[in-house]
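Summary of the model geometry
Chain by chain, the residues run as shown.
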Amino acid sequence: MTRHPIDNHHNPRPTPQSPPCLTCRILLLLDLQVCMLSSPTKGGVPSSETVYRNIEHILDRARSAKQPPRIIHIRNSGEPGDPDTPNSPGWQLVFPPLEHEFVIDKLKNNAFAGTKLTELIPRDAELIVVGMQSDYCVRATCSAALARGNTVILIKEAHATYDRIEVWNGGMVTIAREVESEIEAELEEAGVNLLCMSDVPHLFSDR
């Protein structure tokens, strides 16, 4: 599958003015970067093909909605030598943001930490979360949003991670799909609403 990254560093665009949040609904795209959505043979997550298609579908639905949500792209900036080192090929966003959409660079798992994300997401907003990685940025950001008072929705099969090596359990491997399910159960217990891809057609309409 051909990826079409966008380089916001070398092709800067003015920061869009924050439009009124008419629906108070936000689509948060977490770390949808080339390094994790490449083929698994090139370092991507095991379910990169499926997750790419699903998130592409969600993004298309959001953009074509009668009252589109505010769309925010989060991009992680790794340490030197990491696959997502700033300005490296793996750091680039897979889905090019439109002119009125927002791009926020972050350094920590929690996308609210040390960024201006709080200025773009009202505390009473409904937050729809997709992206990477389930057990790091997705978990941390969903948890932080719940603590702020946001209603949080996580779409199953639209977030992903890697297989987990159980260092304290003889080096056993927990496959990525099981890790993703663990995080879904943990976040649902904390108050996150889980939806399926079959719910997407109604996700951005009046509910």
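Before reading on, note that the structure itself is shown above.
Structure report, in brief. (Residues numbered from 1 in each chain as written. Predicted model: local features only at pLDDT ≥ 70, side-chain atom pairs only at ≥ 80, totals over all residues. Heavy atoms only, no water.)

**Observations concerning the sheet that holds strand S1 (residues 25-30)**
Neighbouring strands of a sheet are bound in pairs by backbone hydrogen bonds; such pairs are parallel or else antiparallel. Here we have six strands laid out as an open sheet, ordered S3-S2-S1-S4-S5-S8, and parallel in their pairing. Each of the sheet's edge strands pairs with one partner strand only, and the pair in question is strand S3 (102-106) and strand S8 (193-195). Going across the sheet, the axis of each strand differs from the next one's by a mean of 25°, ignoring polarity. Alignment of strand S5 (residues 151-160) against S8, held across three bridges, turns out to be parallel. Paired with Ile155 across the strands is Leu195, a residue of S8. Relative to the sheet, helix H2 (residues 48-64) contacts S1, strand S2 (70-76), strand S4 (126-132) and S5, its axis offset from that of S5 by approximately 140°. (Pairing = 2+ DSSP bridges. Helix = DSSP H or I, 4+ residues; strand = E, 2+ residues; numbered from the N terminus. Axes fitted to C-alpha atoms, helices over the stretch in contact; angles between N-to-C directions. Contact = heavy atoms within 4.5 Å.)

**Some points on the packing of aromatic side chains**
Aromatic rings in a pair are described by how distant their centres are and how their planes are angled relative to each other. Scanning the entire structure with this criterion turns up one aromatic pair. An angle of 25° between the planes, with centres 5.0 Å apart, marks the rings of Tyr52 and Phe95 as stacked. Residue Tyr52 is located in helix H2, and its partner Phe95 is located in the loop between S2 and S3; the two are separated by 43 residues in the primary sequence. The exposure classification of Tyr52 matches that of Phe95, with both residues buried. (Phe/Tyr/Trp six-rings, centres within 6.5 Å; stacked < 30°, edge-to-face > 60°. Buried < 20%, exposed > 50% of the residue type's maximum accessible area, 1.4 Å probe, protein only.)

**A look at the pattern of salt bridges**
Per the stated rule, a full pass over the model turns up nine salt bridges. Across the pair Asp105 and Arg75 runs a salt bridge whose closest N-O atoms are separated by 2.5 Å. Of this pair, Asp105 sits in strand S3 while Arg75 sits in strand S2, placing them 30 residues apart in sequence. Of the residues examined, Arg75 reaches a relative accessible area of 3% and is grouped as buried. A salt bridge links Arg164 to Glu166; the shortest N-O distance between them is 2.8 Å. (Salt bridge = Lys/Arg side-chain N within 4 Å of Asp/Glu carboxyl O.)

**What to know about the pairing of S4**
For S4, the buried fraction is high: seven of the seven residues fall into the buried class. For S1 and S4, the ladder comprises six bridges, and the chain directions are parallel. When the bridges of S4 are listed, Leu30 appears paired with Gly131. Pairing between S4 and S5: six bridges, direction parallel.

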